[in-house]
Amino acid sequence: MNEITPRLRFAPSPTGYLHIGGLRTALYNYLFAKNKNGKLILRIEDTDRKRFVEGAIENLIDTLNWAGISFDEGPDIGGEFSPYLQSERLGIYKELAQKLISEGKAYYCFCTPERLEKLKEEQQKQKLPQAKYDKYCLHLSKTEIEEKLNSCIPHVIRLNVKPDQKIIFDDVIRGTVEFETNNIDDQVLLKSDGFPTYHLANVVDDHLMAISHVIRGEEWLSSTPKHIILYDYFGWEKPIFAHLPLLLNPDKSKLSKRQGDVAVEDYREKGYLKEALINFVALLGWNYGDDKEFYEIDELIEKFSLERVHKSGAVFNIEKLNWLNFEHLRRKPDTEVLKMLRAEIEKSEFKDNKYSDEYLLKVISAMKERVSFIKEYLSKSPYFFHAPETYEEQNLKKRWKEDSAELLNKLKERFELLNNPSKEDFEKVLDEIASQLGISKGQLVHPLRIAVSGVGEGPGVYDIVYILGKEETISRINVALQKLS
Ligand code: GLU
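Our subject in this report is the structure included herewith. (Residues numbered from 1 in each chain as written. Predicted model: local features only at pLDDT ≥ 70, side-chain atom pairs only at ≥ 80, totals over all residues. Heavy atoms only, no water.)

**So, the overall build of the chain**
In terms of regular secondary structure, the chain is built from 20 helices and 12 strands. What you see for the chain is a C-alpha radius of gyration of 32 Å, clearly larger than the 23 Å of a compact globule of 485 residues, by over 25%. In terms of overall dimensions, the chain has C-alpha extents of about 110 × 55 × 40 Å along its principal axes. Across the 485 residues in the chain, those meeting the buried criterion constitute 49%. With an accessible surface of roughly 24700 Å², the chain has 48% of that area assigned to carbon and sulfur atoms. Between the centroid of the 70 positive side chains of the chain and the centroid of its 79 negative side chains there is a distance of 3 Å. (Helix = DSSP H or I, 4+ residues; strand = E, 2+ residues; numbered from the N terminus. Rg over C-alpha atoms; globule rule 2.2 N^0.38 Å. Buried < 20%, exposed > 50% of the residue type's maximum accessible area, 1.4 Å probe, protein only. Areas by Shrake-Rupley, 256 points an atom, 1.4 Å probe, with all protein chains shown as cover. Lys, Arg positive; Asp, Glu negative; His and termini not counted. Charge placed at Lys NZ, Arg CZ, Asp CG, Glu CD.)

**Section: the sheet that holds strand E4 (residues 106-109)**
Taken in spatial order, the three strands make up an open sheet running E4-E5-E8, and their pairing is antiparallel. The outermost strands of the open sheet, each flanked by one partner alone, are E4 and strand E8 (188-190). When the angles between neighbouring strand axes are averaged without regard to direction, this sheet yields 45°. Sheet strands in contact with helix H3 (residues 90-102) are E4, strand E5 (156-159) and E8, and its direction is about 105° off that of E4. (Pairing = 2+ DSSP bridges. Axes fitted to C-alpha atoms, helices over the stretch in contact; angles between N-to-C directions. Contact = heavy atoms within 4.5 Å.)

**Focus: the packing of helix H6 (residues 198-208) against helix H7 (residues 224-234)**
The axes of two packed helices give the description: the angle between them and the distance between them. Contact geometry of H6 with H7 gives a least axis separation of 10 Å together with a crossing angle of 55°. One element, H6, and the other, H7, form an angle in the oblique class. Here H6 and H7 pass one another in a crossing that is right-handed. Between H6, through Tyr198, His199, Leu200, Asn202, Val203, Val204 and Asp206, and H7, the contact on the second element is made entirely by Lys226, His227, Leu230, Tyr231 and Phe234. Class assignment for the residues of the contact of H6 with H7 results in seven nonpolar, three polar and two charged. (Parallel < 35°, antiparallel > 145°, perpendicular 65-115°, else oblique. Left-handed = near helix turned anticlockwise from the far one by under 90°. Nonpolar A, V, L, I, M, F, W, Y, C, P; charged D, E, K, R; others polar.)

**Structural notes on the packing of helix H18 (residues 442-453) against helix H19 (residues 461-468)**
Between H18 and H19, the shortest axis-to-axis distance is 10 Å and the interhelical angle comes to 40°. With respect to their mutual orientation, H18 and H19 come out oblique. Pair H18 / H19 crosses with left-handed handedness. Residues Val445, Leu448, Arg449 and Val452 of H18 form the contact with H19, whose participating residues are Val461, Tyr462, Ile464, Val465 and Leu468. Looking at the contact of H18 with H19 residue by residue, the classes come out as eight nonpolar, no polar and one charged.

**With respect to the packing of aromatic side chains**
Under the defined criterion, the tally for this structure stands at 18 aromatic pairs. When the centroid spacing of 4.9 Å and the interplanar angle of 50° are considered together, the rings of Tyr28 and Phe304 count as tilted. Of this pair, Tyr28 sits in helix H1 (residues 20-35) while Phe304 sits in the loop between helix H10 (297-303) and strand E12 (314-315), and the two are 276 residues apart along the sequence. Comparing Tyr28 with Phe304, the two get one shared label, buried. Among the aromatic residues, ring-to-ring pairing joins Tyr267, Tyr272, Phe280, Phe316 and Phe373 into one connected group. Looking at Arg24, its charged tip hangs above the ring of Tyr28, at a distance of 5.8 Å from the centre. Above the plane of the ring of Tyr133 lies Arg158, whose end atom (NZ or CZ) is 3.8 Å from the centre. (Phe/Tyr/Trp six-rings, centres within 6.5 Å; stacked < 30°, edge-to-face > 60°. Lys NZ or Arg CZ within 6 Å of the ring centre and 35° of its normal.)

**Focus: the pairing of strand E7 (residues 175-180)**
The pairing of strand E6 (residues 166-171) with E7 spans six bridges and is classified as antiparallel. Residue Asp171 lies in a different strand from E7, and its bridge partner there is Gly175. Hairpin connection, E6 to E7: the antiparallel pair is bridged by three residues.

**Some points on the sheet that holds strand E3 (residues 84-85)**
Ordered by their spatial adjacency, three strands build an open sheet running E1-E2-E3, and the pairing between neighbours is parallel. For this open sheet the edge positions go to strand E1 (7-10) and E3, each flanked by a neighbour on one side alone. Sheet topology places strand E2 (residues 39-44) next to E3; two bridges connect them, and they run parallel. Of the residues in E3, the one forming a bridge with Ile44 is Leu85. Along the sheet, helix H2 (residues 56-67) contacts E1, E2 and E3; its crossing angle with E2, the most-contacted strand, is approximately 155°.

Take a look at the structure:
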């Protein structure tokens, strides 16, 4: 049997930045399309001119590119990729709105904002559950309409919703969904500026672009009955709908700016890896039915299905994201980490220092299990990038004893005799001195760690001195002896 190739779309409005929920919608569409060998289309829904933000489209595309979400189709795919822009398709919407008018399925409305405001107030006074247009203009005569159009009175085109009917549709995630048409407003389809509203443009484009599956956030569920009416009025086949669960803060309120970052670019700037963010976002509403949490994109593509998306809200847990960042960073090949570390050094106060690849690779293997972010190589082990200028007060008290200076002097003398020492050579020196003097190794290790790193934590001290090398280790011991004796 010949299965139809699914056609998906991501249809953001360019309101400034890509919301983390938008990334999830884009990702689920992408995963579904890739899983089924389908096509994914990027369509920019820029019909709300009041909300349009300069540079927002470029920013959206840049962020999606960074996240690795690629699209298959745009108006002139071939060279440079470009998305469909609804603002370039105004003629199409206008023509179809006219068609609905000619069939009595939509009508001109000339009501002034003042009249609509008054109507709303009256309805509020009557405590009606929601304000609805009263179909006043539906009853204008043909001549009245002609006259008003000829004298250029501002107008919109409204959907003519028939009362007392039920709109029922199936949602892959939510099951059967039912709405009463009595609760549906005669939605504006075409605004007085000639631009369509979201509802008209969205349905028209989903049809013309032959979209088979509409996967979008739950906040659009209440728009769907209006869309169903439009599909029926036009006589078009409906796509399959899947509304993704809401994203929630840990306190179960709707994910909002107030409680943390919601823009993908904020996470990017903070140094989250795209692999970690994608993995994290994939789990916001989906799992494979086991406890597995670490995923690479290929496995997500292979395992993703809409059937395993749940309906209950998905809680945004930043600790999980941090853990995933750690896991993804840890599993990257050292050579890739090296490139990222070099880029991080370039942005830092250490940018003028020269570090060899060999040196940085040693730092990476020592710190790998201790960092969740690239920038932590610098913040958690600055001593690999410059000699300590101060020594942690707390640790000095605990670890720098009366005999520390004398012991470090001894250590230094023995280190000086070493020739191109390995990590084990340094360790052997400590072992020998400790046994000769009948002291614990800790008496040497603690002051040595303070002298070379300035802090009390980090990888093994033998790793640190080995990475720093003999000369640098001795020079740091000298400085510490001067400053601390
Ligand atoms: N333009 C809508 C948005 O900004 C698209 C909703 C939909 O996918 O239908 O999310």
